[in-house]
Each structure stands twice: as structure tokens, then as C-alpha cells.
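Understanding the architecture of this molecule
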Amino acid sequence: EAGVAQSPRYKIIEKRQSVAFWCNPISGHATLYWYQQILGQGPKLLIQFQNNGVVDDSQLPKDRFSAERLKGVDSTLKIQPAKLEDSAVYLCASSLYPVIAGPGGKQFFGPGTRLTVL
Amino acid sequence: AQRVTQPEKLLSVFKGAPVELKCNYSYSGSPELFWYVQYSRQRLQLLLRHISRESIKGFTADLNKGETSFHLKKPFAQEEDSAMYYCALGGSANAGGTSYGKLTFGQGTILTVHP
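Throughout what follows, the structure given in this document is the object of discussion. (Residues numbered from 1 in each chain as written. Chains lettered and ligands numbered in written order. Predicted model: local features only at pLDDT ≥ 70, side-chain atom pairs only at ≥ 80, totals over all residues. Heavy atoms only, no water.)

1. Side note on the overall build of chain B
A count of helices and strands for chain B gives 0 helices and 11 strands. Secondary structure of chain B in N-to-C order comes out as β-β-β-β-β-β-β-β-β-β-β. Against the 2.2 N^0.38 benchmark of 13 Å for 115 residues, chain B shows a C-alpha radius of gyration of 15 Å, consistent with a compact globule. Referenced to the eigenvectors of the C-alpha coordinate spread, the extents of chain B come out at roughly 55 × 35 × 25 Å. (Helix = DSSP H or I, 4+ residues; strand = E, 2+ residues; numbered from the N terminus. Rg over C-alpha atoms; globule rule 2.2 N^0.38 Å.)

Next comes the structure, spelled out in C-alpha cells:
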């Protein structure tokens, strides 16, 4: 089966510019996650969708970050305006269900988008 | 609050030697623990989960609730085990009456197995 797709793979922008990332989850996966991974750290959850609704965005810097998942499939994550500290790899993941324990909760990760803010 | 600590950023062993990657967690509820692995130029992927009590690629991990630890072990390391390993804690949360899981990752340990 096809895995989680993300684009672009790399992006370089200047601070105060805007940027958008796209994610296409595995077909049939209801739950979609966006993680931010800063160099030397583990992934940090930014936002979690269940179908097209947000279930957790407690760690999303809402003054500059936004995300949507129209029609409960693809998702976009936007940063406007970008800051130097936003330089990171942005990972998208999906799972069948939002629960962690069962086999349906296994998260499948995309290749990530590496963002560099100059 | 959920927290995961991996005290070693780097770990080097020789092929055939035993390896142990340490993980400690902090969580007030009943935890679900996982190990994720990222090989060079590959995606982050699930290695094993404590609830399955499985052994994957020779790796095992035992949840010790008394010591709040979930160390990853392998008796004989192989060169192909070289990778970044993340311990992750799955906690439960609620939003609008819906229960969902939330993963918190540690900072990761880079394992290098020398020939």
C-alpha cells in the first residue's frame, strides 16, 4: 500500500515569509497528525485531526501556525509569518483510529518536510 | 503531564555486544510505551510496543512501572541496528467526549554498531 506522502521535501524561506506543507495520508486512515521535529529533539505533536475535526492543537502556536483537513483526507499546515526558530522537519503521520493501544492506532509517518528559515 | 527521558544522545557498541537503550517516563495514568526507529534515509517507524510483549529484530523492552522505565535491549547487536531510536509514551486525553491517544517522544538515542 502507498505510504503517507508529503510535499515539498525541502523548503528554504526568509523570516517573515509564509510557507505551506501538504500531506496525503494512507487511504482510509481517519486520524492525521502533524509533528515538528527540531534538530536534536524528538517529534513534538502540533495538531491531531480525527476526520476533518481537530481533537488536539494544544501545542500549535496559533498566532502563526494554522492547519486544515478539508474533506477528512489531505491536510495542509501553514506558517505565517515564519520565524528563525521554526526551522525544523515537519512530519505528517496517519493512523486508522485515534486510540494508541490497538493495532489501528499504529502511526505511519511520512518522509517529512525540512524547513530552513533564514 | 507526559514526559519521556532518554539520557543517552549517543551510544556506540561493537557488533555482537549487548546493547541497552534507556528510557524513563513520567505519567500519572496507565502508560502505553513504544519504541520507534529511524534508519538512515528512511521514515520513522514503529519498532515495538510494550502491550504486545513482542520481540522485533531481536529487540525486547520490558515496562517497569516501579522504576518508570522502558529500556530497549538486544543481546547481540548487528551493524544494521545502527539508527536513531525514540522512546514514546502514549497517554489518553479527551476532547468533546472523544477519547484519543497522544504520543510524547523522547529526544532520541543514536545507536552506532561498529564492525
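2. Regarding the pattern of salt bridges
Scanning the entire structure with this criterion turns up 6 salt bridges over all chains. For the salt bridge of Lys102 of chain B with Asp56 of chain A, the shortest nitrogen-to-oxygen distance reads 3.3 Å. A residue pair is termed interchain when its members come from two chains, as with Lys102 of chain B in strand β10 (residues 98–105) and Asp56 of chain A in strand β6 (residues 53–56). By relative accessible area, which is 17% here, Lys102 of chain B ends up buried. With its nearest N and O atoms 3.6 Å apart, the salt bridge here joins Lys73 of chain B to Glu20 of chain B. (Salt bridge = Lys/Arg side-chain N within 4 Å of Asp/Glu carboxyl O. Buried < 20%, exposed > 50% of the residue type's maximum accessible area, 1.4 Å probe, protein only.)

3. Remarks on a nonpolar patch on the surface
All names here are of chain A. Nonpolar side chains collect at one region of the surface, where Leu96, Tyr97 and Val99 lie side by side and expose about 270 Å² of accessible area between them. With respect to the secondary-structure elements, Tyr97 resides in the loop between β9 (88–95) and β10 (108–109). When its relative accessible area of 48% is taken as the criterion, Tyr97 is described as partly exposed. (Patch = residues over 30% accessible without salt bridge, like charges linked within 9 Å, V, L, I, M, F, W, Y side chains within 5 Å. Areas by Shrake-Rupley, 256 points an atom, 1.4 Å probe, with all protein chains shown as cover.)

4. Overview of the interface of chain A and chain B
If you look at the interface, chain A gives 25 residues, while chain B gives 21 residues. Across the chain A to chain B interface the summed buried area is about 1,900 Å²; carbon plus sulfur atoms make up 56%. For the pair chain A and chain B, the number of links is 1 salt bridge. Counting every contact that joins chain A to chain B gives 6 residue pairs in polar contact (both at pLDDT 80 or more). Broken down by secondary-structure element, the contributors of at least two residues to the side of chain A that touches chain B are β4 (31–37), β5 (44–50) and β6 of chain A. Within the side of chain A that touches chain B, the residues separate by chemical class into 12 nonpolar, 11 polar and 2 charged. (Contact = heavy atoms within 4.5 Å. Buried area = accessible area lost by both parts, 1.4 Å probe. Polar contact = N/O pair within 3.5 Å; in protein donor to acceptor, adjacent residues only side chain to side chain. Nonpolar A, V, L, I, M, F, W, Y, C, P; charged D, E, K, R; others polar.)

5. Considering the pairing of β5 of chain A
In the case of a regular strand, side chains alternate between the two sheet surfaces. Residues and elements named next belong to chain A. With 5 of 7 residues buried, β5 is to be regarded as a mostly interior element. Two elements, β4 and β5, share 6 bridges in a ladder whose sense is antiparallel. Paired with Leu32 across the two strands is Phe49, which belongs to β5. Here β4 folds back onto β5, and the loop between the two strands holds 6 residues, one of which, Gly40, carries a positive phi near 85 degrees. Where β5 meets β6, 3 bridges bridge the pair, whose relative direction is antiparallel. (Pairing = 2+ DSSP bridges.)

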